[in-house]
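Topology and contacts: notes
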Amino acid sequence: MLAAQGAEDPHGGRMLLAGDFGKAPATRYCSENGDQRKNIKEKSDINIAALVGNEPVCEGTDNGDLPSYVAEFIEKEVGNDLKSLKKLDKLIEQMTESKMQLEEQVLTVSSEIPKRIQSALKNAEESKQFLNHFLEQESHLFSSINSHLLTAQPWIEDLGAMINQIEEIERHLAYLKWISQIEELSDNIQQYLMTNNVLEAASTLVSMAELDIRLQESSCTHLLGFMRATVKFWHKILKDKLTSDFEEILAQLHWPFITPPQSQTVGISRPASAPEIYSNLETLFCQLLKLQTSDELLTEPKQLPEKYSLPASPSVILPIQIMLTPLQKRFRYHFRGNRQTNVISKLEFSRGLMMLVLEKLAADIPCLLYDDSLFCHLVDEVLLFERELHSVHGYPSTFANCMHILSEETCFQRWLTVERKFALQKMDSMLSSEAAWISQYKDITDVDEMKVPDCAETFMTLLLVITDRYKNLPAASRKLQFLELQKDLVDDFRIRLTQVMKEETRASLGFRYCAILNAVNYISTVLADWADNVFFLQLQQAALEVFAENNTLSKLQLGQLASMESSVFDDMINLLERLKHDMLTRQVDHVFREVKDAAKLYKKERWLSLPSQSEQAVMSLSSSACPLLLTLRDRLLQLEQQLCFSLFKIFWQMLVEKLDIYIYQEIILANHFNEGGAAQLHFDMTRNLFPLFSHYCKRPENYFKHVKEACIVLNLNTGSALLLRDVLQSTSGQPPATAALNEVGIYKLAQQDVEILLNLRTNWPNTGK
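Summarised in this report is the structure supplied together with it. Here the residue numbers are simple positions, counted from 1 along each chain's written sequence. Confidence filtering applies because this is a predicted model: local features only for residues at pLDDT of at least 70, side-chain atom pairs given and counted only at 80 or more, and all residues used for totals across whole chains, interfaces and linings. Only hydrogens and water are set aside; all other atoms, that is, all heavy atoms of the structure, feed into the side-chain values.

**Things to note about the overall build of the chain**
Numbering goes from the N terminus for both helices and strands, where a helix is a DSSP run of H or I of at least four residues and a strand is a run of E of at least two. Summing up its helical and strand segments, the chain has 27 helices and two strands in all. Think of it in three bands: residues with accessible area under 20% of the maximum for their type are buried, residues over 50% are exposed, and the middle band is partly exposed, with areas taken using a 1.4 Å probe on protein chains only. Within the chain, the fraction of its 769 residues that count as buried is 32%. The criterion used for residue contact is that any of the two residues' heavy atoms lie within 4.5 Å. Here the analysis covers contacts within the chain between residues at least 6 apart in sequence; of these, 72% occur between residues at least 24 apart. Values of accessible area rely on a 1.4 Å probe in the Shrake-Rupley scheme; residue burial ignores everything except the protein chains shown. Summed over all atoms, the accessible surface of the chain reaches about 48,900 Å², with 55% contributed by carbon and sulfur.

Written as structure tokens, this is what we have:
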């Protein structure tokens, strides 16, 4: 260590210890003047300051330890080699430079802060002036408004009083008009009854009842009471008169008919004036119908307790109520009170009646099998009867019912045939309709999301109605036969759509072609939804059991059905999806051909000789690209309006995929680019082509991966391009090459593609090679 060893003084032979550094020798330097000593002290101070500013000082070091710290620093830098003392001048210069830099930083900070404070104060002062100005304006406006309100207050009070008087008079006038109208109707009814014109009297009562209904929201309680009393007065008079006459006519017809028709024919002779009686019956029936409105207004309907949660239903019409009166009396006599006929076990009565119905149905069906109209009417009535029997009367589904009769083999096959026949006729009419390809909801954006043509919606409604007709059949095998009928109808409709589509092939962007495509997509979507319906899942399980018994499917197909990987509609859905894809492909190809024709001039652009970006005031779209972009824009707008959202999304994504490859291969790879050409291509793509698709996705450039990455390569600055080329050439196929490509934003293009693009650049520096 330098502390333990000495250094021989070349002048006096005295050994200078490390602790003596920074101290002037007493005998050798005593002749130096004061200025020299001052300079030496300043250098020492600079040295110490620089050391403190640039080297970390241990915690706990105070000002008294600074000299020892400096001594340690010099010992570290010089060591025990005396020749290292030559470094001192260089160290002093370094420390001096560090000191000057620190002083400049201090001066800069101290000069900028007052400027910022001054600027902030100035802004605050201006804001204060603006605020004072606004406050003055607000005060002036406030005083003006208050003055105006004080001036206008008497006028407002006078006008308000006059308006209240006018409104009061108008209310009195309207009240008198209502009373006059009620009295006029009442006088008319009285006059019609005096002349025995009951029909007109009843019609006038209808008008009065409708007037009563219109007045329900009024708060004039006396007027409402007068109106209701008048309606009730005339309704009672007319109802009593017409009911008496109607009951008299029914008595002449011996209503109710409680004996067999043969007994009536034998025991009671047909009245000679029967035509006149039936004519009077019809007249009175119509006149009683006129009283229906006022009767519903005045009579509270009889309802079962709310705990039964019965659906709301209209009241029975008045003439039928009168006809039911004697039957109601008999029913109450037998099935209420302590009569022997009123026992709980008579619920069995309904099953007995049903057996009678089934016997009648089984006897009549053979006579109707070959009359399509009558047979269809019979089936419709049976289905309605069954629905009402189960839903309204709670008839147990486990009991015998009419569906068992319709399931008999001969009757069932005839039912299937008739269903198929009428369904095909309906399909013919819906496809030949003038509105077949027009959406019913085309003017309602929220409802018309799928842009479904009328024929497709009507067809799916037809299938839904067929499902509703056969879903209550007792046997699963019969349901499966109807399911096969539905699948046949779907296939037939698909074939018809295909035939119409082939007629429109030359106009693949036309309205009808797009409507057919929307229809195919809608049917496929609905069938996919039905496949998850509980009813069709149950049918799928039943089909699985049938197929397993008959060995009609492979083990793989049976496994797919059992695991719910496939559905009963998969075959139909696959065919419809294939047709949809073919039609979309044809549309994409049509638009792509138009785009290629419009891009011919753009392909021939002089990419080698275009001016650089620095030579242009503002970058603008290439004129040769305008036909391409206009064609693309017009077709996108057209198909966005004609196709549903899901189809249009598939369309533009298919088109973009082809367009990306076309621009990359036919325009970019087929040309060489100088700096201006590469910049122009980048501008045309990123500022004009990509934004065309920004309405349909957030980042359209991600669908043009080839074009986007090619533009990146062509527009790399020269240094980065040189470095990338060297990396690619030196690490072919290695991970470093992939990392280098990813670093500049290349993920899609292969290394060979990037090398080709780099060779298309012409703005390489002249290296003399």
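From this point, things continue past the structure.
**Concerning the nonpolar core**
Only buried residues count toward a nonpolar core, which is a set of Ala, Val, Leu, Ile, Met, Phe, Trp, Tyr and Cys residues joined through side-chain atoms within 4.5 Å. Core analysis: the biggest nonpolar cluster contains 133 residues, and Trp 415, Phe 459, Leu 527, Phe 651, Leu 689 and Phe 693 have the highest contact counts within it. The element contributing the most residues to this core is helix 22 (residues 645-668), with 13 residues. Residues within four places of Leu 527 in sequence aside, it is in contact with Met 460, Val 490, Phe 569, Met 572, Ile 573 and Leu 576. Of all hydrophobic cores here, the second largest spans 29 residues; its members include Val 231, Trp 234, Ile 277 and Leu 288.

**Here's the deal with the pattern of salt bridges**
Here, a salt bridge means any side-chain nitrogen of Lys or Arg that lies within 4 Å of a carboxyl oxygen of Asp or Glu. Under the criterion given, the structure shown has 25 salt bridges. Put simply, Asp 488 and Arg 420 hold a salt bridge, and the shortest N to O gap is 3.7 Å. Here Asp 488, found in helix 15 (residues 476-503), pairs with Arg 420, found in helix 13 (residues 409-432); they are 68 residues apart in sequence, far enough to count as distant. Taking relative accessible area as the criterion, Asp 488 reaches 37% and is therefore assigned partly exposed. Taking the shortest distance from any N to any O, the salt bridge between Asp 428 and Arg 496 comes out at 2.2 Å. Of this pair, Asp 428 sits in helix 13 while Arg 496 sits in helix 15, placing them 68 residues apart in sequence. Judged by its relative accessible area of 17%, Arg 496 falls in the buried class. Here the salt bridges share partners, and the residues they tie into one network are Asp 372, Arg 414 and Lys 421.

**Describing helix 16 (residues 511-530)**
With 20 residues, helix 16 extends 28 Å between its outermost C-alpha atoms, agreeing within 8% with the 28 Å of an ideal straight helix rising 1.5 Å per residue. Counting buried residues along helix 16, 15 of its 20 residues qualify, which places the element largely inside the surrounding structure. An expected span of 1.5 Å times one less than the residue number is assigned to each helix.

**What about helix 23 (residues 675-689)?**
Every α-helical turn comprises 3.6 residues, leaving residues that sit three or four positions apart pointing alike. A rise of 1.5 Å per residue sets the reference length of helix 23, with its 15 residues, at 21 Å; its end C-alpha atoms lie 20 Å apart and thus fit the reference within 8%. Among all positions of helix 23, only Gly 676, Gly 677, Ala 678, Ala 679, Gln 680, Leu 681, Phe 683, Asp 684, Met 685 and Leu 689 are buried. Contacts made by the buried residues of helix 23 are with helix 20 (600-603), helix 21 (626-642), helix 22 and helix 24 (705-714). Any pair of nitrogen or oxygen atoms within 3.5 Å is treated as a polar contact; in protein, a donor-acceptor pairing is required on top of that, and neighbouring residues in sequence qualify only through side-chain atoms on both sides. At the N-terminal boundary of helix 23, the capping side chain belongs to Asn 674, with an oxygen 3.3 Å from the backbone nitrogen of Gly 676.

**Considerations on the packing of helix 22 against helix 24**
To define axes, lines are fitted to C-alpha atoms, for helices over the stretch in contact only, and angles between the resulting N-to-C directions are given on a 0 to 180 degree scale. Look at helix 22 against helix 24: their axes get within 7 Å of each other, and the N-to-C directions meet at 40 degrees. As judged from the angle between their axes, helix 22 and helix 24 are oblique. Residues Asp 660, Ile 661, Ile 663, Tyr 664 and Ile 668 of helix 22 pack against Lys 705, His 706, Val 707, Ala 710 and Leu 714 of helix 24. Gly counts as polar in this scheme, as do all residues outside two lists: the nonpolar Ala, Val, Leu, Ile, Met, Phe, Trp, Tyr, Cys and Pro, and the charged Asp, Glu, Lys and Arg. Of the residues in the contact of helix 22 with helix 24, the class split is seven nonpolar, one polar and two charged. For classification purposes, an angle smaller than 35 degrees is called roughly parallel, one larger than 145 roughly antiparallel, one from 65 to 115 roughly perpendicular, and anything else oblique.

**As for the packing of helix 13 against helix 15**
Taken N-terminus to C-terminus, the directions of helix 13 and helix 15 make an angle of 20 degrees; their axes are 11 Å apart at the nearest point. Relative to helix 15, helix 13 is oriented roughly parallel. The element helix 13 and its partner helix 15 pack so that their crossing is right-handed. Classifying every residue of the contact of helix 13 with helix 15 by side-chain character gives twelve nonpolar, two polar and eight charged. Handedness of a crossing follows from how the near helix is turned relative to the far one, being left-handed for an anticlockwise turn of less than a right angle and right-handed for a clockwise one.

**Describing the packing of aromatic side chains**
Only centres within 6.5 Å qualify two rings of Phe, Tyr or Trp (six-membered ring in Trp) as a pair; their planes then separate them into stacked at under 30 degrees, edge-to-face at over 60, and tilted for everything else. Following the criterion strictly, the structure yields 23 aromatic pairs and no others. Taking the centre distance of 5.1 Å and the plane angle of 70 degrees together, the rings of Phe 536 and Phe 569 count as edge-to-face. Of the two residues, Phe 536 sits in helix 17 (residues 534-550) while Phe 569 sits in the loop between helix 18 (555-562) and helix 19 (570-598), which places them 33 residues apart along the sequence. Considering the side-chain rings of Trp 652 and Tyr 696, the 6.0 Å spacing of their centres and the 35 degrees angle between planes classify their relative orientation as tilted.

**Details of a nonpolar patch on the surface**
A patch consists of residues exposed above 30% relative accessible area that lack any salt bridge, with like charges linked at up to 9 Å and nonpolar side chains (Val, Leu, Ile, Met, Phe, Trp, Tyr) linked at up to 5 Å. Among the surface-exposed residues, Leu 289, Val 316, Ile 317, Leu 324 and Leu 327 lie close enough to one another that they form a single nonpolar patch of about 340 Å² accessible area. Among the structural elements, Leu 324 can be located in helix 9 (residues 318-335). For Leu 324, a relative accessible area of 31% translates into the label partly exposed.

**Regarding the side chain of Asn 521**
Within the secondary structure layout, Asn 521 lies in helix 16. Among the polar contacts made by the side chain of Asn 521, one reaches the side chain of Lys 580 at a distance of 3.3 Å. If we ignore the near neighbours within four places in the chain, the residues touching Asn 521 are Met 450, Lys 580, Cys 644, Ser 646 and Leu 647.

**Structural notes on unusual backbone geometry**
Working note: non-glycine residues mostly have negative phi, and peptide bonds are mostly trans. The phi angle at His 254 is positive, at roughly 65 degrees, despite the residue not being glycine. One can find His 254 in the loop between helix 5 (221-252) and helix 6 (261-267). Relative accessible area serves as the criterion here: at 41%, His 254 is assigned to the partly exposed category. Despite not being glycine, Lys 451 shows a phi value in the positive range, around 50 degrees. Here Lys 451 shows up in the loop between helix 13 and helix 14 (454-470). For Lys 451, a relative accessible area of 23% translates into the label partly exposed.

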